[in-house]
Amino acid sequence: QKMPSKKVIDKSLLYYHISYWILFVGLFTFIWGTYDNDYFRNFMVQVLSLPSRLVLVYITILFLFPLLFNKGKIFLFAVWYILVLIGCTVLIQRPMMMYYIEGRYLSFDSTEFFNLIELTNTMLDINVAAIIPIGGKIAGYWIKSKKKLNELQVINQKLSNYQNQFILFKKGSSKHKLFLKDIQYIESLRNHILVATLEKKHDFYGSITNLESVLKDQPFLRIHRSFIVNTNYIESFNTTNVTIDGHDFPIGRKYKENVLKKLRS
C-alpha cells in the first residue's frame, strides 16, 4: 500500500485549517447576529479580528508547543502564551478595534487605548479562538503519552516473561530445561537441532519448524531454513547475514524481506 505523498498531506492539513476558521467565523457571526439581526456587521467584526487570532494560534502551535510544552516545560509554556496573548492584544487587536472597527462596525468608541476593562475583554475575545486548537493539541499530547506508557508496560511485561521463560528439549529419555534468555541461536541438523547458549552447545532431538511456532512471541527470528536467532544477541546485520558472537549467519532469500523489515524496525 502506497503512503500518501507529502504534498497530499499538506493539502489535507491546509483544508482542515481553512475549514476551522470558516466555521469559527460563521459560528460567531450567527451567534452575535441573532442578538441584533445585523449579520453583515458581525461578520465584518469577526473577519477583522482574525489577524490577532491567527497570530496567537499559530505561534502557540508552531513554536510554543514543540519548544516548551512537548518538552515538559509547562510553566514556561503558560508564561509565553500569556505574553503572546498580551502582545496580540496590544499590538494587533486593540489598534484594530479603536481605529477601524469601533465607530464603523460598533456603535461605541473607546476613549483610552490601555483601558483595563477593554484590554481584558479583548484578550478574552482573542483567546476564544485558541481554545479548540490548543485543547486539541493538549488532548493529542495526553493520548500520545498514555499510548507510550501502555506500550512501555507491555514491553516490560514481555521482558519479565522472557527473563523467566524456559523451554524443554528432549534428549533420549530425558528432558532438559533451557532459559530463553540464554539461547543465542538454534541450528537445524536434519532430524535434530543444535541449541547454542552462552555456556555451550546442546544437541537435541526436534524440529526447527516446531520451535519457530513456539518462539513466535519471543525475540527470536527465523532467518534461514536452518537458523533461528535470538535478536537480543545480534551484534550487526546487513542484507546477507547477521552477526552473533563474532560469527556470521546467512539470511535466506525466502526470509530476507521479513528479516530486514523486523531488524530495521
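Residue indices begin from 1 for each chain and proceed along its sequence in written order. Per-residue local features are limited, in this predicted model, to residues with pLDDT of at least 70; the limit for side-chain atom pairs, both in listing and counting, is 80 or more; totals at the level of whole chains, interfaces and linings are taken over all residues. To obtain the side-chain values, all non-hydrogen atoms of the structure were used and water was disregarded.

Observations concerning helix α4 (residues 74–101)
Along an α-helix, a turn takes 3.6 residues, which lines up residues three or four apart on a common side.
Now for step 1: The secondary structure listing takes helices from DSSP runs of H or I that are at least 4 residues long and strands from runs of E that are at least 2 residues long, numbered from the N terminus. A helix is expected to span 1.5 Å multiplied by its residue count minus one. Compared with an ideal rise of 1.5 Å per residue, which puts 28 residues at 40 Å, α4 spans 35 Å between its outermost C-alpha atoms and falls more than 12% short.
Now for step 2: Exposure classes here rest on a 1.4 Å probe applied to the protein chains alone. A residue is buried below 20% of its type maximum, exposed above 50%, and partly exposed in between. Within α4 the residues assigned to the buried category are Phe77, Tyr81, Val84, Leu85, Cys88, Thr89, Gln93, Arg94, Met97, Met98 and Ile101.
Now for step 3: Trailing α4 by a residue or two, Gly103 shows a phi angle of about 85°, which is positive.

Brief notes about the nonpolar core
Now for step 1: To define a nonpolar core, start from buried Ala, Val, Leu, Ile, Met, Phe, Trp, Tyr and Cys residues and group those joined through side-chain atoms within 4.5 Å. Counting residues in hydrophobic clusters, the biggest one holds 22 residues, and the most contacted among them are Trp21, Phe24, Leu56, Leu64, Phe77, Tyr81 and Ala130.
Now for step 2: Every element with two or more residues in this core is listed here: α1 (6–36), α3 (50–67), α4 and α5 (116–164).
Now for step 3: Looking at this core element by element, the count peaks at 6 residues for α3.
Now for step 4: If near-sequence neighbours (up to four positions away) are discounted, Ala130 is found in contact with Leu56, Val57, Tyr81 and Gly135.
Now for step 5: Membership of the second largest hydrophobic core comes to 15 residues, among which are Ala196, Val229, Tyr255 and Val259. Residue contacts are defined here by distance: any two heavy atoms, one from each residue, within 4.5 Å place the two residues in contact.

Let's talk about the confidence of the model for the protein chain
Now for step 1: pLDDT expresses, on a scale from 0 to 100, how confident the predictor is about each individual residue. Per-chain confidence: the protein chain averages 85 in pLDDT, with 92% of residues scoring 70 or above.
Now for step 2: With pLDDT under 50 throughout, residues 1–8 is counted as low confidence; its partners more than four residues away or in other chains account for 1 contact.

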